[in-house]
Amino acid sequence: MTALDMTSPTSAPALARLSRTRLFYWSVRRELWENRSIYIAPLGVAALILVGFLLGVAHPPHMHGLDTMDAAHRAQLREIPYDVAAVVTIVVSLVVGVFYCLGALHGERRDRSILFWKSLPVSDLIAVLAKAAIPLAVLPAVTLVVTMITQLLMFLINTAALLAQGASVAPLWVQDPVFANFLTLPYGLVVLSLWYAPVYGWLLLVSAWARRTPILWALGPIIALPLFERLALGTSYVGDLLTRRLHGGFSEAFDVPADGKMHVDFAQPDLLKFLSTPDLWIGLAVAAAFFAGAVWLRRRGEPI
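What comes next is a walk through the structure. Just so we're clear, the structure is a prediction, and the values are computed from it rather than from any experiment.

This part covers the nonpolar core. Grouped together as the largest cluster of nonpolar side chains are 44 residues, with contacts concentrated most on L204 and F274. Of all elements in the fold, only helix 3 (37–58), helix 4 (71–104), helix 7 (124–164), helix 9 (178–195), helix 10 (197–209) and helix 15 (278–299) reach the threshold of two or more residues within this core. Residue contributions to this core peak at nine residues, all from helix 7. Residues in contact with F274, not counting those within four places in the same chain, are Y187, V191, L194, W195, G249, E252, A253 and L280. V57, Y82, A85 and F155 belong to the second-largest nonpolar core, a separate cluster that totals 10 residues.

Written as structure tokens, this is what we have:
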């Protein structure tokens, strides 16, 4: 390739895109280096779950009437440990994401490292997008891998326990929910990530603005606005909106049985219903506005 080809107008945009991609990649790597709780917390919870599950298999609790239960009830009981493992890991990851966002932009101003990072050829847009990628993409990916490995190990422990007792493993391999969970879990994590995008955007915006105790500034309006509306107007529109957002959108992403009961069938994803929900797209638009505000504030941010 000649020097003319290397400096041609068509190659310059490609080089620029490659450069921005690499800057974004290394910015995300920087966040992982500086915030090890992103993967240590889910791994620690998974280890505790496996230890507890192993002890439970070794010393199973006495359950009256277990032998008289039908296959459906036994399958439901068998699902409980897997559901607990998934829910606990997801909740811990959500908590890690909340506290990460609260400190992501506030911390670099507090320890004055923002002066160093601003001296590098990384734009404020790339820096904020890299921070937003942690709760929106990296943490869900870590949660997915950790949860799938945990559930697979639980399945193998169950299999080994049955073989040690001389029992048949055929019912376990047929009725165990671990493989079905491998299909619904990625979808559920994507739903959570998209549904909570405005929450993460709000936390990053507060982190870029607050001079101290960002958690108080983040929670203050969320608590004060519904209370003010209730006392002043006697309505609860803001509270209902916040409650609906915090529910996670599962009622829109999965099938809700038409039997009058308040539960969600997580075995029946409903992607079209989720994508056609106006609240999803309104939330994403609000999240984009919050992220843009965080970029604007970081551009003018100074050490505190």
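Still more ground to cover, so stick around.
This brings us to the packing of aromatic side chains. We describe a pair of aromatic rings using the distance from one ring centre to the other and the angle between the two ring planes. Under the defined criterion, the tally for this structure stands at seven aromatic pairs. With a centroid separation of 5.2 Å and 75° between ring planes, the pair formed by Y25 and W26 is classed as edge-to-face. Taking relative accessible area as the criterion, Y25 reaches 43% and is therefore assigned partly exposed. Between the aromatic rings of W26 and W33, the centroid separation amounts to 6.0 Å while the plane-to-plane angle is 45°, which identifies the pairing as tilted. Here the aromatic residues Y25, W26 and W33 are joined through ring pairs into a cluster of three or more.

Closest axis-to-axis distance for the helix 10/helix 11 (residues 214–232) pair is 9 Å, and the angle between their directions is 130°. By the angle between their axes, helix 10 is oblique relative to helix 11. By crossing handedness, the relation of helix 10 to helix 11 is classed as right-handed. Of the residues in helix 11, those touching helix 10 at W202, L203, V206 and W209 are P214, W217, A218, P221 and I222. A breakdown of the residues in the contact of helix 10 with helix 11 according to their chemical character gives nine nonpolar, no polar and no charged.

As a further point, take unusual backbone geometry. With a phi angle near 65°, R112 is a residue other than glycine that sits in the positive phi range. In this fold, R112 is placed in the loop between helix 5 (106–110) and helix 6 (114–118).

What follows deals with empty space enclosed by the protein. Enumeration according to the criterion identifies two cavities of 30 Å³ or more in this entry. Looking at the lining of the largest cavity, the elements that each hand over two or more residues are helix 4, helix 7 and helix 9. For the lining of the largest cavity, the per-class residue count stands at nine nonpolar, four polar and no charged. When its volume is computed, the second largest cavity comes out at roughly 30 Å³. Every residue along the wall of the second largest cavity is listed here: L105, E108, R109, I114, A208, L297, R298 and G301. Breaking the lining of the second largest cavity down by element, the ones donating at least two residues are helix 5 and helix 15. Here the lining of the second largest cavity is built from residues that sort into four nonpolar, one polar and three charged.

This part is about the packing of helix 7 against helix 15. Interhelical geometry of helix 7 versus helix 15 gives an angle of 135° and a closest axis separation of 9 Å. Comparing the axis directions of helix 7 and helix 15 gives the class oblique. Crossing hand, helix 7 versus helix 15: right-handed. On helix 15, the residues touching D124, L125, A127, V128, A132 and L136 of helix 7 are F291, A294, V295, R298 and R299. Of the residues contributing to the contact of helix 7 with helix 15, the split by class is eight nonpolar, no polar and three charged.

This next bit is on a nonpolar patch on the surface. A cluster of nonpolar side chains, namely V87, V91, V95, F99, I215, L216, L219, I222 and I223, defines an oily patch on the protein surface of about 800 Å² accessible area. Mapped onto the nonpolar patch, the elements with two or more residues apiece are helix 4 and helix 11. For the nonpolar patch, the leading source of residues is helix 11, giving five residues. With respect to the helices and strands, the residue V91 is situated in helix 4. Look at V91 and you get partly exposed, because its relative accessible area is 44%.

Rules used throughout
Residues numbered from 1 in each chain as written. Predicted model: local features only at pLDDT ≥ 70, side-chain atom pairs only at ≥ 80, totals over all residues. Heavy atoms only, no water. Core = buried A, V, L, I, M, F, W, Y, C linked by side-chain atoms within 4.5 Å. Buried < 20%, exposed > 50% of the residue type's maximum accessible area, 1.4 Å probe, protein only. Helix = DSSP H or I, 4+ residues; strand = E, 2+ residues; numbered from the N terminus. Contact = heavy atoms within 4.5 Å. Phe/Tyr/Trp six-rings, centres within 6.5 Å; stacked < 30°, edge-to-face > 60°. Axes fitted to C-alpha atoms, helices over the stretch in contact; angles between N-to-C directions. Parallel < 35°, antiparallel > 145°, perpendicular 65-115°, else oblique. Left-handed = near helix turned anticlockwise from the far one by under 90°. Nonpolar A, V, L, I, M, F, W, Y, C, P; charged D, E, K, R; others polar. 1 Å grid on protein atoms, 1.4 Å probe; cavity = no way out; pocket = protein on both sides within 12 Å on 5 of 7 lines; lining within 4 Å. Points joined across faces, edges and corners; volume = space filled by probe spheres on them. Patch = residues over 30% accessible without salt bridge, like charges linked within 9 Å, V, L, I, M, F, W, Y side chains within 5 Å. Areas by Shrake-Rupley, 256 points an atom, 1.4 Å probe, with all protein chains shown as cover. Salt bridge = Lys/Arg side-chain N within 4 Å of Asp/Glu carboxyl O.

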